[in-house]
Amino acid sequence: DAMVIQNPRYQVTQFGKPVTLSCSQTLNHNVMYWYQQKSSQAPKLLFHYYDKDFNNEADTPDNFQSRRPNTSFCFLDIRSPGLGDAAMYLCATSRDISTDTQYFGPGTRLTVL
Amino acid sequence: DQQVKQNSPSLSVQEGRISILNCDYTNSMFDYFLWYKKYPAEGPTFLISISSIKDKNEDGRFTVFLNKSAKHLSLHIVPSQPGDSAVYFCAASAGGSGYSTLTFGKGTMLLVSP
């Protein structure tokens with residue numbers, strides 16, 4: 001009864017080769033988030049969707065894009081991965097924003113060769 | 001500029017003793033605080049939260065204390081168990097001001113030895 005599912009769990013890509021990470025949820029939550037977490041660092045919010053409204057963090061590089069075709073799915077596209085983009089990417093959902101608990105997926109570990 | 005700080009990267013405690021994990025914040029607009037626990041190869045899972053209108057919240061072995069004047073919160077685990085060994089993240093939001101996302105600390109790795 002997994003609630004937030006991320007695929008793949010491990011992704012290897014080449015420098016500059018576009019990659020897409022996938023997140024799906026069975027919670028019917030309004031909000032979906034994408035975080036980047038590097039080793040020993042805090043999870044860093046890249047962007048989130050409130051329903052269909054896209055909200056980009058000010059310091060998220062243009063190299064990162066996102067799509068949410070429906071309530072259940074959200075994708076993270078990295079157009080030209082650099083070595084510095086190697087990280088764990090976490091997807092999370094919440095019913096609403098602000099005081100609502102976020103539920104996380106297991107993450108996708110991205111390696112850039 | 002870190003708005004949520006967990007200054008201890010790691011903590012070792014013996015089974016049965018108390019674990020105290022600390023978190024400091026700088027943004028006075030933060031009014032809702034959460035603790036998440038993360039095992040290796042899994043995503044963070046929600047543990048306990050506290051609103052700024054309270055100074056304590058308890059759930060079984062887990063208690064969170066909030067000191068607003070010091071901008072400090074702590075998570076107490078009593079008694080600690082080996083299964084509590086994980087990375088603990090402190091997170092904060094300014095939900096009372098309307099629309100706010102979570103800001104996380106870097107985490108503290110807790111190791112509880114038998």
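For the structure itself, look to the data block above.
Residues numbered from 1 in each chain as written. Chains lettered and ligands numbered in written order. Predicted model: local features only at pLDDT ≥ 70, side-chain atom pairs only at ≥ 80, totals over all residues. Heavy atoms only, no water.

(A) Main features of the overall build of chain B. Counting its regular elements, chain B contains zero helices and 11 strands. Listing the helices and strands of chain B from first to last along the sequence gives β-β-β-β-β-β-β-β-β-β-β. Taking 2.2 N^0.38 as the reference for a compact globule, 114 residues should give roughly 13 Å; the C-alpha atoms of chain B span a radius of gyration of 14 Å, in line with that estimate. C-alpha atoms of chain B, sized along the principal axes, occupy 45 × 30 × 20 Å. Within chain B, buried positions represent 46% of all 114 residues. At a minimum sequence separation of 6, the contacts of chain B that also span at least 24 residues come to 54%. Between the centroid of the 10 positive side chains of chain B and the centroid of its 9 negative side chains there is a distance of 3 Å. (Helix = DSSP H or I, 4+ residues; strand = E, 2+ residues; numbered from the N terminus. Rg over C-alpha atoms; globule rule 2.2 N^0.38 Å. Buried < 20%, exposed > 50% of the residue type's maximum accessible area, 1.4 Å probe, protein only. Contact = heavy atoms within 4.5 Å. Lys, Arg positive; Asp, Glu negative; His and termini not counted. Charge placed at Lys NZ, Arg CZ, Asp CG, Glu CD.)

(B) Layout of the overall build of chain A. Broken down by element type, chain A carries zero helices and 11 strands. For chain A, the sequential pattern of α-helices and β-strands runs β-β-β-β-β-β-β-β-β-β-β. For chain A, the C-alpha radius of gyration of 13 Å lies close to 13 Å, the compact-globule estimate for 113 residues. Across the 113 residues of chain A, 50% fall into the buried class. Counting only contacts in chain A whose residues sit at least 6 apart along the sequence, the fraction spanning at least 24 positions is 56%. For chain A, the exposed surface amounts to about 5500 Å²; the carbon and sulfur share of it is 48%. Each charge class in chain A can be summarised by its mean position, and for the 10 positive and 10 negative side chains these summaries are 8 Å apart. (Areas by Shrake-Rupley, 256 points an atom, 1.4 Å probe, with all protein chains shown as cover.)

(C) Layout of the sheet that holds strand S8 (residues 73–78) of chain A. All names here are of chain A. Taken in spatial order, the four strands make up an open sheet running S1-S3-S8-S7, and their pairing is antiparallel. With one partner strand each, in any of the chains shown, strand S1 (4–7) and strand S7 (64–67) form the two edges of the open sheet. Strand after strand, the sheet turns through a mean of 20° between neighbouring axes, direction not considered. One ladder, built from six bridges, connects strand S3 (residues 19–25) with S8; its direction is antiparallel. Bridge pairing in S8 links leucine 21 to leucine 76. (Pairing = 2+ DSSP bridges. Axes fitted to C-alpha atoms, helices over the stretch in contact; angles between N-to-C directions.)

(D) Region of interest: the interface of chain A and chain B. Between chain A and chain B, the contact holds 21 residues from the first and 20 residues from the second. Roughly 1700 Å² is buried in total at the junction of chain A and chain B, and carbon and sulfur atoms are behind 61% of that figure. Counting the contacts that link chain A with chain B gives zero salt bridges. Viewed at the interface, chain B and chain A are joined by two residue pairs in polar contact (both at pLDDT 80 or more). Elements with a contribution of two residues or more to the side of chain A that touches chain B: strand S4 (31–37) and strand S5 (44–50) of chain A. (Buried area = accessible area lost by both parts, 1.4 Å probe. Salt bridge = Lys/Arg side-chain N within 4 Å of Asp/Glu carboxyl O. Polar contact = N/O pair within 3.5 Å; in protein donor to acceptor, adjacent residues only side chain to side chain.)

(E) Focus on the environment of Cys74(A). Residue and element names in this part refer to chain A. By the secondary structure assignment, cysteine 74 is in strand S8. Judged by relative accessible area, which is 0%, cysteine 74 ranks as buried. Separated by 53 residues in the primary sequence, cysteine 74 and leucine 21 place their C-alpha atoms 8.7 Å from one another. Excluding residues that lie within four positions of it along the chain, cysteine 74 makes contacts with Leu21, Ser22, Cys23, Met32, Trp34, Tyr49, Ser66, Arg67 and Arg68.

(F) Representation of the pairing of strand S7 (residues 62–67) of chain B in the model. Residue and element names in this part refer to chain B. In terms of strand pairing, strand S6 (residues 56–59) meets S7 through four bridges, oriented antiparallel. Its bridge partner being in S7, lysine 56 is matched across the sheet by phenylalanine 65. In this antiparallel pair of consecutive strands, S6 and S7, the connection spans two residues, and glycine 60 shows a positive phi of 65°. Sheet topology note: the S7/strand S8 (residues 72–77) ladder contains six bridges and is antiparallel. Looking at the pairing, leucine 66 lines up with leucine 73 of S8. Counting the residues between successive antiparallel strands, the hairpin from S7 to S8 contains four residues, one of them, lysine 71, with a positive phi of roughly 50°.

(G) Region of interest: the packing of aromatic side chains. One pass over the structure, following the stated rule, counts 14 aromatic pairs over all chains. Pairing Phe73(A) with Phe75(A) gives two aromatic rings, centres 6.3 Å apart and planes at 15°, and the pair type is stacked. Residue Phe73(A) is classed as partly exposed on the basis of its relative accessible area, which comes to 34%. Clustering of aromatic rings is evident, with ring pairs tying together Tyr33(A), Tyr35(A), Phe104(A), Tyr36(B), Phe46(B), Phe89(B) and Phe104(B). (Phe/Tyr/Trp six-rings, centres within 6.5 Å; stacked < 30°, edge-to-face > 60°.)

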